[in-house]
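Close look at the chain arrangement
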Amino acid sequence: MADVTLITGSTLGGTEYVAEMLAEKLEAAGFSTELLHGPELDELSTEGTWLVVTSTHGAGDLPDNLQPLFDAIKDNQPDLSRVRYGAVGIGNREYDTFCGAIDKMDNLLTACGAKRLGDRLDIDVLEHEIPEDPAEVWIESWKLLLN
Ligand SMILES: Cc1cc2nc3c(=O)[nH]c(=O)nc-3n(C[C@H](O)[C@H](O)[C@H](O)COP(=O)(O)O)c2cc1C
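Overview of the structure.

Scoring rules and cut-offs
Residues numbered from 1 in each chain as written. Predicted model: local features only at pLDDT ≥ 70, side-chain atom pairs only at ≥ 80, totals over all residues. Heavy atoms only, no water. Phe/Tyr/Trp six-rings, centres within 6.5 Å; stacked < 30°, edge-to-face > 60°. Helix = DSSP H or I, 4+ residues; strand = E, 2+ residues; numbered from the N terminus. Buried < 20%, exposed > 50% of the residue type's maximum accessible area, 1.4 Å probe, protein only. Near = heavy atom within 4 Å. Polar contact = N/O pair within 3.5 Å; in protein donor to acceptor, adjacent residues only side chain to side chain. Areas by Shrake-Rupley, 256 points an atom, 1.4 Å probe, with all protein chains shown as cover. Nonpolar A, V, L, I, M, F, W, Y, C, P; charged D, E, K, R; others polar. Pairing = 2+ DSSP bridges. Right-handed = clockwise from strand over helix to strand, strands pointing away. Core = buried A, V, L, I, M, F, W, Y, C linked by side-chain atoms within 4.5 Å. Contact = heavy atoms within 4.5 Å.

1. Notes on the packing of aromatic side chains
Geometry of an aromatic ring pair is reported as the spacing of the ring centres plus the angle between the planes. For the coordinates displayed, the defined rule picks out one aromatic pair. Between the aromatic rings of W138 and W142, the centroid separation amounts to 5.4 Å while the plane-to-plane angle is 15 degrees, which identifies the pairing as stacked. Of the two residues, W138 and W142 are both situated in helix α4 (residues 132–142); the distance of four residues between them amounts to about one turn of the helix. With relative accessibility at 2%, the residue W142 sits in the buried group.

2. Some words on the site of the ligand
Residues in close proximity to the ligand total 20 residues, the closest being S10, T15, S55, T56 and T97. G14 places a main-chain nitrogen or oxygen 3.3 Å from an oxygen atom of the ligand. Here T97 contributes a side-chain N or O atom positioned 2.7 Å from an oxygen atom of the ligand. Relative to its unbound accessible surface of 650 Å², the ligand loses 77% to contact with the protein. Of all elements in the fold, only α1 (14–28) and β4 (82–91) reach the threshold of two or more residues within the shell around the ligand. Each residue belonging to the shell around the ligand can be placed in one class, and the counts come to seven nonpolar, 13 polar and no charged.

3. Considerations on unusual backbone geometry
Even without being a glycine, Q77 presents a positive backbone phi close to 45 degrees. In this fold, Q77 is placed in the loop between α2 (67–76) and β4. Exposure remark for Q77: the relative accessible area of 45% places this residue in the partly exposed category. Located in the positive-phi region is C99, a residue other than glycine, with phi close to 55 degrees. Position of C99 among the secondary structure elements: in the loop between β4 and α3 (100–111). A relative accessible area of 1% means that C99 is categorised as buried.

4. What to know about the pairing of strand β3 (residues 47–55)
With respect to burial, β3 is a largely interior element, eight of its nine residues being buried. Pairing between strand β1 (residues 4–9) and β3: six bridges, direction parallel. When the sheet's bridge partners are listed, V4 is paired in β3 with T49. Between β3 and its parallel partner β4, the chain crosses via α2, and the hand of that crossover is right-handed.

5. What to know about the nonpolar core
One finds I7, W50, L69, I73, L80, M105 and L109 to be the most contacted residues of the largest nonpolar core, which totals 25 residues. Mapped by element, the contributors of at least two residues to this core are β3, α2, β4 and α3. A per-element tally of this core places α3 first, with five residues. Discounting chain neighbours no more than four positions away, the residues touching L109 are W50, V52, I73, L80, Y85 and A114. Judged by nonpolar contacts, the second largest core, of 21 residues, contains V4, A23, V88 and I139.

6. What about the environment of L62?
Mapped onto the elements, L62 comes out in the loop between β3 and α2. Each C-alpha atom, one on L62 and one on H37, is 13 Å from the other, the two residues being 25 residues apart in sequence.

This is the structure we're talking about:
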């Protein structure tokens, strides 16, 4: 099992680049990583460390590739008490539902017993044309929580 399993939700792929950069930074710090774009629930180990990175679409909705995982967790209510996770959202603050997707995932994972590590990062693409920039700063402190 990898030290950190990165789980992405994306429509046009921008979020996947952010997750790839985060995985590279974690690897450089000595952690093994696994990067899963819109995984099924049974692809995930329900223990260990997850890093969920997702954009928001529709009106506060999850990207189509992450919605099945969200639905599976909601329907099956797995015991996630041995999961700790980080949360990164990417969205546009012009929407009332800014970063609604990571908000939903964050609440659902907590409701299933998972513990969030550190603060959530919500990236506004209006403020940060290159969303990797704030993510790169955030991962420096997040990775310190992993040991
Ligand atoms: C049709 C559409 C709907 C969107 N809805 C939201 C939203 O409700 N909340 C939000 O924060 N961002 C919203 N966004 C902004 C996207 O999350 C943002 O552009 C993000 O960078 C897309 O990343 P992706 O290519 O990885 O999916 C929307 C974008 C589009 C095109």
